[in-house]
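Per-entry structural report
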Amino acid sequence: MEAVVENGLKDPAAPNGTAVPLENGAPPAEKKTVRRVGAKPPVEREPYSLWCIGLKNPVRKKLIEVVEWKIFEAFILLAICGTCLCLAVFQPMPNGDTTAINEFL
């Protein structure tokens, strides 16, 4: 790639074809990490769980991975809805009487 000469300074061409400006011959500054628009910020976690399990503990890493899994979230919501449905169908009876539905639940 050719270098562009501007104001007596030689600017190397970047790999993507755009010129990288140099100030007083200094190398280009490091790029900041840019988050995608709408992306969630990284989750800040406590350094210890239960006062003894650190962030690098393999068990804690695996449990964090499971809890952040979308299918786990769907399972929990399904369990909550199922429990609500069971509570709605249950019919309390006086004197310990019961129905077939209550026996099934």
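A brief report on the enclosed structure follows. Only a predicted model underlies this, so the values are computations on that prediction, with no experimental measurement involved.

**Re the overall build of the protein**
- The helix and strand tally for the protein stands at three helices and four strands.
- Listed N to C, the secondary structure of the protein is β-β-β-β-α-α-α in terms of helices and strands.
- Here the protein holds 105 residues, and the buried ones make up 8% of them.
- For the protein, the proportion of contacts with a sequence separation of at least 24, taken over those separated by at least 6, is 0%.
- Roughly 10100 Å² of accessible area belongs to the protein as shown, and the carbon and sulfur atoms make up 63% of that amount.

**Re the pattern of salt bridges**
- Scanning all chains against the criterion turns up two salt bridges.
- For R45, the salt bridge goes to E68, with nearest N and O atoms at 2.0 Å. Within this pair, whereas R45 is found in the loop between β2 (9-11) and β3 (48-49), its partner E68 is found in the loop between α1 (58-67) and α2 (70-89), the two being separated by 23 residues in sequence.
- On the basis of relative accessible area, R45 is assigned to the partly exposed category, the value being 33%.
- Ionic pairing is found between E65 and K62, a salt bridge with its closest N-O pair at 3.5 Å. Of this pair, E65 and K62 both sit in helix α1, three residues apart, which is roughly one turn of the helix.
- We classify K62 as partly exposed; its relative accessible area is 49%.

**A short note on the side chain of R60**
- Along the chain, the position of R60 falls in helix α1.
- A distance of 3.0 Å separates the side chain of R60 from the backbone oxygen of E46, its partner in a polar contact.

**What about a nonpolar patch on the surface?**
- Taken together, the side chains of F75, I76, L77 and I80 define a hydrophobic patch exposed on the protein surface, amounting to about 380 Å² of accessible area.
- Relative to the helices and strands, F75 is located in helix α2.

Calculation criteria
Residues numbered from 1 in each chain as written. Predicted model: local features only at pLDDT ≥ 70, side-chain atom pairs only at ≥ 80, totals over all residues. Heavy atoms only, no water. Helix = DSSP H or I, 4+ residues; strand = E, 2+ residues; numbered from the N terminus. Buried < 20%, exposed > 50% of the residue type's maximum accessible area, 1.4 Å probe, protein only. Contact = heavy atoms within 4.5 Å. Areas by Shrake-Rupley, 256 points an atom, 1.4 Å probe, with all protein chains shown as cover. Salt bridge = Lys/Arg side-chain N within 4 Å of Asp/Glu carboxyl O. Polar contact = N/O pair within 3.5 Å; in protein donor to acceptor, adjacent residues only side chain to side chain. Patch = residues over 30% accessible without salt bridge, like charges linked within 9 Å, V, L, I, M, F, W, Y side chains within 5 Å.

Interpretation note: all reported values are geometric properties and have no functional meaning in isolation.
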